[in-house]
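Structural characterization, general
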Amino acid sequence: MAAPAEPVHDVPSSGTGGPLRIGVSACLLGQEVRYDAGHKREPFVAEVLARHVELVPVCPEVAIGLGVPREPIRLEGTAAAPRAIGVLSRDLDVTERLRGYGRQTAERLADISGYILKSKSPSCGLRRVKLVGEDGRLRRSATGIFAAELERALPLLPMVEEDDLGEPAMRENFMERVYGYRRWQDLRQQGLTYERLARFHAAHELILLSRSRAALLRLRRLLASAGDRPIDALAQEYGKAFMQALARPASRRGHAAALERLLRGLRRQLEAEDRVELEELIAAYRSGRLPRIVPLTLLRHHLRRHRSAELDRQLYLAWPQIVLGQWCAP
Ligand code: SF4
């Protein structure tokens, strides 16, 4: 049997544009921009991720003219409409400046494919930031002013706090979202057509299956019932549902279903003992006895030998673990 020389997928597609760019709170890269002139260097971001993508550091508080060191600010008011007020100077209110800089950053960095934010910060924190309520009580219920504005302006952009990157499964999920969003950006840039959208969907079928069969079916139905809908309206709904599906972490069961789908696609070309071996490896992965890379590597090996147009285009075969090695989930 012929063994084609090219690999099935060596790295995830980053599309037709330039390098993959991710915005990041500058203090996470070791820049001494915090109110106390310190930093919060995060080794995974500063050392590992920095080798694979272009990181774009942003410190909103410095950018709006607060110096280093500076008086700390905190959130006050309600979670729906918090204000960023000086802890010592009660008349210092930088809410509007931070909002304006958030909008400006969203426009300036419209090509970024993800954002890593410093947790707990009244500017950058994404969730559970401390807020002094109108009753004077402290709650962990707000979003930082800059982060909220960024989220509003770029609702599909994958955003994460550095705390959430501590878990391999969360890191992997974030990178999957980043790569997925980048491919979506590339598709929009190339110009949307029904055919391109259908091809985009087909390439992501197994990635979606690993997250949620229901979400996969919903997206399929959306495309199948497109009818005469204008492509922009269809794409808007599809893009939102696609990124929502990616935001859900893949489960072991979901991955096993995706691996089985790959095996089904190869079934007729495989010798009986190869089929049985793969079935056993997938079952061992499903029950937690083997890491996913074992059945996946063997499937990739067989795919190199028995090319299948349908399976070759599955981006599931190019998951971020290949790029980020041991940093992703087993
Ligand atoms: S959390 Fe945001 S505002 Fe605060 S120092 Fe880091 S980058 Fe600057």
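Each value, and the rule that gives it
- Counting from 1, residues in each chain are numbered in the order their sequence is written.
- This being a predicted model, a pLDDT of at least 70 is required before a residue's local features are given, and a value of 80 or more before pairs of side-chain atoms are given or counted; all residues contribute to the totals for chains, interfaces and linings.
- Put simply, DSSP H or I for four residues or longer makes a helix, DSSP E for two residues or longer makes a strand, and each gets a number counted from the N terminus.
- In this scheme, a helix's expected span is set at 1.5 Å multiplied by one less than its residue total.
- Any residue surrounded by 20 or more other C-beta atoms within 10 Å of its C-beta is treated as buried, while 12 or fewer makes it exposed and the intermediate range makes it partly exposed; C-beta atoms here are placed from the backbone.
- The reported arc concerns the directions from the helix axis to the C-beta atoms and nothing else.
- Throughout, a residue-residue contact means that the two C-beta atoms, derived from backbone geometry, are no farther apart than 7 Å.
- What makes a residue near a molecule or strand is its C-beta atom, placed from the backbone, lying within 6 Å of it.
- Only Asp, Glu, Lys and Arg are considered charged in this grouping, and only Ala, Val, Leu, Ile, Met, Phe, Trp, Tyr, Cys and Pro are considered nonpolar; every other residue, Gly among them, is considered polar.
- Segmentation into domains, and thus their bounds, comes from an automatic or database assignment.
- Fitting a line to C-alpha atoms yields each axis, with helices limited to the stretch in contact; the angle taken between N-to-C directions then spans 0 to 180 degrees.
- Orientation categories follow fixed angle ranges, with anything under 35 degrees roughly parallel, anything over 145 roughly antiparallel, 65 to 115 roughly perpendicular, and all other angles oblique.
- Each crossing gets its handedness from the near helix: less than a right angle anticlockwise from the far helix is left-handed, clockwise is right-handed.
- The rule for pairing is simple: two strands pair if DSSP sees at least two bridges between them.
- A set of buried residues qualifies as a nonpolar core if it consists of Ala, Val, Leu, Ile, Met, Phe, Trp, Tyr and Cys joined through C-beta atoms within 7 Å.

**A few points about helix H12 (residues 293–305)**
Between its first and last C-alpha atoms H12 spans 18 Å; for 13 residues at 1.5 Å apiece the expected length is 18 Å, and the two agree. Residues of H12 that are buried include every one of Pro295, Leu296, Leu299, His302 and Leu303, and no others. The arc that holds the buried residues of H12, viewed along the axis, is 125 degrees, so those residues lie on one side. For H12, exposure combined with an orientation more than 90 degrees from the buried face picks out Thr297 and His301. On the buried face of H12, the contacting elements are helix H10 (252–266), helix H11 (272–286) and helix H13 (309–312).

**Observations regarding the site of the ligand**
Around the ligand sit Ser25, Ala26, Cys27, Val33, Arg34, Cys59, Pro60, Glu61, Lys118, Ser121, Ser123 and Cys124, and those are all the residues in its vicinity. Looking at the shell around the ligand residue by residue, the classes come out as 6 nonpolar, 3 polar and 3 charged.

**Some points on the domain arrangement of the protein**
Looking at the protein, the domain boundaries give domain 1 (21–166) and domain 2 (192–330). For domain 1 versus domain 2, the distance between C-alpha centres works out to 34 Å.

**Some points on the packing of H11 against H12**
Running from amino to carboxyl end, H11 crosses H12 at an angle of 150 degrees, the nearest separation of the two axes being 8 Å. On the basis of their axis angle, the class for H11 and H12 is roughly antiparallel. Relative to H12, H11 is oriented so that their crossing is left-handed. Where H11 approaches H12, its residues Asp274, Leu278, Leu281, Ile282 and Tyr285 are matched on the opposing element by Val294, Pro295, Leu298, Leu299 and His302. Taken together, the residues of the contact of H11 with H12 break down into 8 nonpolar, 1 polar and 1 charged.

**So, unusual backbone geometry**
With an omega dihedral of -5 degrees, the bond running from Val68 to Pro69 counts as a cis peptide bond. With respect to the helices and strands, the residue Pro69 is situated in the loop between helix H2 (60–63) and strand E3 (73–77). One non-glycine residue, Ala37, adopts positive backbone phi at about 70 degrees. By the element assignment, Ala37 lies in the loop between strand E1 (21–25) and helix H1 (43–48). Accessibility expressed as a C-beta count within 10 Å gives 11 for Ala37, which makes it exposed.

**Side note on the pairing of strand E6 (residues 129–132)**
On E6, burial follows the alternation: Val129 and Leu131 on one face are buried, whereas Lys130 and Val132 on the facing-out side are not. In this structure, E3 lies alongside E6, joined through 2 bridges in parallel fashion. Across the sheet, Leu75 pairs through a bridge with Leu131, a residue of E6. Here E6 pairs with strand E7 (residues 138–142) via 4 bridges, running antiparallel. Note on E7: the bridge partner recorded for Val129 is Ala142. Between the antiparallel neighbours E6 and E7 lie 5 residues, among them Gly136 with a positive phi of about 85 degrees.

**Concerning the packing of helix H5 (residues 168–190) against helix H9 (residues 231–247)**
At a minimum axis separation of 9 Å, H5 and H9 run at an interaxial angle of 165 degrees. Of the possible angle classes, the one that applies to H5 and H9 is roughly antiparallel. Here the hand of the crossing between H5 and H9 comes out right-handed. Note on element contacts: H9 touches H5 through Gly239, Phe242, Met243, Leu246 and Ala247, opposite Glu176, Arg177, Gly180, Tyr181 and Trp184. Its residues placed into classes, the contact of H5 with H9 shows 6 nonpolar, 2 polar and 2 charged.

**A look at the nonpolar core**
Ranked by internal contacts, the top residues of the largest apolar core, which has 72 residues, are Ile22, Ile116 and Leu259. Sorting elements by how many residues they give to this core places H5 first, with 6 residues. For this core, the domains that each give at least three residues are domain 1 (21–166) and domain 2 (192–330). Residue contacts for Ile116: discarding those within four places in its chain leaves Ile22, Val24, Ser25, Leu28, Val45, Val160 and Glu162.

**What about the sheet that holds E6?**
Judged by pairing direction, the sheet is mixed, and its 4 strands sit side by side in the order E4-E3-E6-E7 without closing on themselves. Across the chains shown, the open sheet's two edge strands, defined by having one partner strand only, are strand E4 (82–86) and E7. The mean angle between the axes of side-by-side strands here comes to 50 degrees, regardless of whether they run parallel or antiparallel.

**Some details on the pairing of strand E5 (residues 114–117)**
Here E5 shows no split at all, with Gly114 and Ile116 on one side and Tyr115 and Leu117 on the other all buried. The pairing of E1 with E5 spans 3 bridges and is parallel. Looking at E5, one finds that Ile22 is bridged to Gly114. Pairing between E5 and strand E8 (residues 159–161): 3 bridges, direction parallel. Looking at E8, one finds that Ile116 is bridged to Val160.

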